[in-house]
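Observations on chain architecture
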Amino acid sequence: MKNSSPVGFLDSGIGGITVLKKSVKLLPNENYFFFSDSLNNPYGDKTDKEIINRCSEITRYMISDKKCKAVVIACNTASAKAVRSLRAEFKNIPIIAIEPAYKVVHDKNPQGKTLIMATKGTISSEKFRRLYYSYYNHNTVIHSCVGLADLIEQDRKSEIISYLNSNFARYKNQIENVVLGCTHYPLIKEEIRQTLGNVQFFDGAEGVSKRLKYILEKDNMLNPQTNNGEIEFFDSSADEKTKELKKERFYQILNKD
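Residues numbered from 1 in each chain as written. Predicted model: local features only at pLDDT ≥ 70, side-chain atom pairs only at ≥ 80, totals over all residues. Heavy atoms only, no water.

We now examine the sheet that holds strand 7 (residues 177-181). Hydrogen bonds along the backbone pair up the strands of a sheet, which may run parallel or antiparallel. The parallel open sheet is built from four strands, whose spatial order is 6-5-7-8. Lying at the two open borders of the sheet, with one neighbouring strand each, are strand 6 (140-144) and strand 8 (200-202). If you compare each strand with its neighbour and ignore which way they point, the axes differ by 20 degrees on average. Here strand 5 (residues 114-118) pairs with strand 6 via five bridges, running parallel. (Pairing = 2+ DSSP bridges. Helix = DSSP H or I, 4+ residues; strand = E, 2+ residues; numbered from the N terminus. Axes fitted to C-alpha atoms, helices over the stretch in contact; angles between N-to-C directions.)

So, about helix 11 (residues 240-254). The end-to-end C-alpha distance of helix 11, which contains 15 residues, comes to 21 Å, matching closely the 21 Å that a straight helix rising 1.5 Å per residue would cover. Among all positions in helix 11, only Lys243, Lys246, Arg249, Phe250, Ile253 and Leu254 are buried. For helix 11, the arc enclosing every buried residue in end-on projection is 135 degrees, short of the 170-degree limit, so these residues lie on one face. Along helix 11, the residues that are exposed and aim more than 90 degrees away from the buried face are Glu240 and Lys241. Each element contacted by the buried residues of helix 11 is listed here: helix 1 (17-26), strand 2 (32-36), helix 7 (148-153) and strand 9 (231-235). (Expected span 1.5 Å × (residues − 1). Buried < 20%, exposed > 50% of the residue type's maximum accessible area, 1.4 Å probe, protein only. Arc of directions from axis to C-beta. Contact = heavy atoms within 4.5 Å.)

All right, on to helix 3 (residues 76-89) then. Taking 1.5 Å per residue as the helical rise, helix 3 with its 14 residues ought to reach 20 Å, and the 19 Å between its terminal C-alpha atoms agrees with that figure. Taken as a whole, helix 3 carries its principal kink of about 65 degrees at Ala82. Among the residues of helix 3, those classed as buried are Asn76, Thr77, Ala78, Ser79, Ala80, Lys81, Ala82, Val83 and Leu86. (Bend = angle between axes of the 7 residues up to and from the residue.)

Right, let's get into the pattern of salt bridges. For the structure on display, the rule yields 16 salt bridges. The salt bridge involving Lys103 is made with Asp107; its shortest N-O contact spans 3.0 Å. On the criterion of helical spacing, the pair formed by Lys103 and Asp107 is a turn pair, its members being four residues apart in helix 4 (residues 102-108). Judged by relative accessible area, Lys103 falls into the partly exposed class, the value being 37%. The shortest N-O distance in the salt bridge between Lys157 and Asp155 comes to 2.9 Å. (Salt bridge = Lys/Arg side-chain N within 4 Å of Asp/Glu carboxyl O.)

Using the criterion set out here, one finds 15 aromatic pairs in the structure. Considering the side-chain rings of Tyr102 and Tyr132, the 5.6 Å spacing of their centres and the 25 degrees angle between planes classify their relative orientation as stacked. Placement of the pair is Tyr102 in helix 4 and Tyr132 in helix 6 (residues 126-135), with a sequence separation of 30 residues. A residue is classified by how much of its surface remains accessible, and Tyr102, at 2% relative accessible area, is buried. Where Phe168 meets Tyr171, the ring centres are 6.4 Å apart and the plane angle is 40 degrees; that geometry is what we call tilted. In textbook terms, an aromatic cluster arises when at least three aromatic residues are bridged by ring pairs, as seen for Phe9, Tyr32, Phe34, Phe233, Phe250 and Tyr251. (Phe/Tyr/Trp six-rings, centres within 6.5 Å; stacked < 30°, edge-to-face > 60°.)

What follows concerns the nonpolar core. One finds Val7, Phe9, Val19, Val72 and Leu212 to be the most contacted residues of the largest nonpolar core, which totals 24 residues. Per element, the largest residue contribution to this core is five residues, and it comes from helix 10 (residues 205-218). Ala149, Ile152, Leu164 and Val199 belong to the second-largest nonpolar core, a separate cluster that totals 23 residues. (Core = buried A, V, L, I, M, F, W, Y, C linked by side-chain atoms within 4.5 Å.)

Below, the discussion takes up a negative patch on the surface. On the surface, Asp239, Glu240, Glu244 and Glu248 cluster together into a negatively charged patch. Position of Glu240 among the secondary structure elements: in helix 11. (Patch = residues over 30% accessible without salt bridge, like charges linked within 9 Å, V, L, I, M, F, W, Y side chains within 5 Å. Areas by Shrake-Rupley, 256 points an atom, 1.4 Å probe, with all protein chains shown as cover. Lys, Arg positive; Asp, Glu negative; His and termini not counted. Charge placed at Lys NZ, Arg CZ, Asp CG, Glu CD.)

On to unusual backbone geometry, then. Across the junction of Asn41 and Pro42, the peptide omega takes the value 0 degrees, indicating a cis bond. Turning to its location among the elements, Pro42 is positioned in the loop between strand 2 and helix 2 (48-64). The backbone of Lys67 shows a phi angle near 60 degrees, a positive value even though the residue is not glycine. With respect to the helices and strands, Lys67 occurs in the loop between helix 2 and strand 3 (70-73). Assessed through its relative accessible area of 45%, Lys67 is described here as partly exposed. One non-glycine residue, Asn173, lies in positive phi territory at about 60 degrees. Looking at where Asn173 falls in the secondary structure, it is placed in the loop between helix 8 (157-168) and strand 7.

Quick look at the side chain of Asp11 now. By the element assignment, Asp11 lies in strand 1 (residues 7-11). A distance of 3.0 Å separates a polar atom in the side chain of Asp11 from the backbone nitrogen of Gly15. (Polar contact = N/O pair within 3.5 Å; in protein donor to acceptor, adjacent residues only side chain to side chain.)

Here we take up the sheet that holds strand 3. Strand order in the open sheet formed by five strands is 4-3-1-2-9, with parallel pairing between adjacent strands. What marks the edges here is a single partner per strand, and that holds for strand 4 (95-97) and strand 9. Ignoring which end each strand starts from, the neighbouring axes of this sheet average 20 degrees apart. Looking at chain direction, strand 1 and strand 3 are connected through four bridges and run parallel. Paired with Leu10 across the two strands is Ile73, which belongs to strand 3. Sheet strands in contact with helix 1 are strand 1, strand 2, strand 3 and strand 9, and its direction is about 175 degrees off that of strand 2. Lying over the sheet, helix 11 contacts strand 2 and strand 9, oriented at roughly 145 degrees with respect to strand 9.

Purely geometric numbers; function is a separate question.
Shown next as structure tokens:
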């Protein structure tokens, strides 16, 4: 791959844009290709085999057709279920995977009352369990947010607020740290704060972006250009209208401060 080749981002929808924005800020000269797999969203309710097979297909496409020099798994469920298999299959391409930022809580506010919000798929994974028990603070609540990523993906604001109130109102003003264990969830920080009160958020986007920069520097793969790179978006939906709506929303979020 050439150094000017893009960095591929894989997500079950557009939630991974929260990771992409951090990476663009840290590595503005890089070119990026973002694959939103709306056709198969959400990943959280799929079997391990389904997730692994689909992630393999997308990664192969990004490497073979889009000539991506590195791949970022910008989906916690896909990272938890498929990253080991992907690294074994694509040995010559760096694959950087996101994970819930529970270790960051341990580093910054280890004794604080903590809520982990994640998909069913992430929470049930061995990868998450290893992370959780490595940094367990005896003051943490885990909540499987079934269906929430889908509501965010579809931008159903009133239903998102109802969902948060139904599931989290009992924790209002009792939580200090909120681990956003799905890349969709940072898109609704304000709504979560309205439900829980003044909480501190933790997500894996910054850590992944720093890891990406480290690997590109270490392997001498940084794009040498001095102007800002290009960002290409692709959505897998079969419906053209849906594709255009996803693309429009993607760039709106990308360009929002």
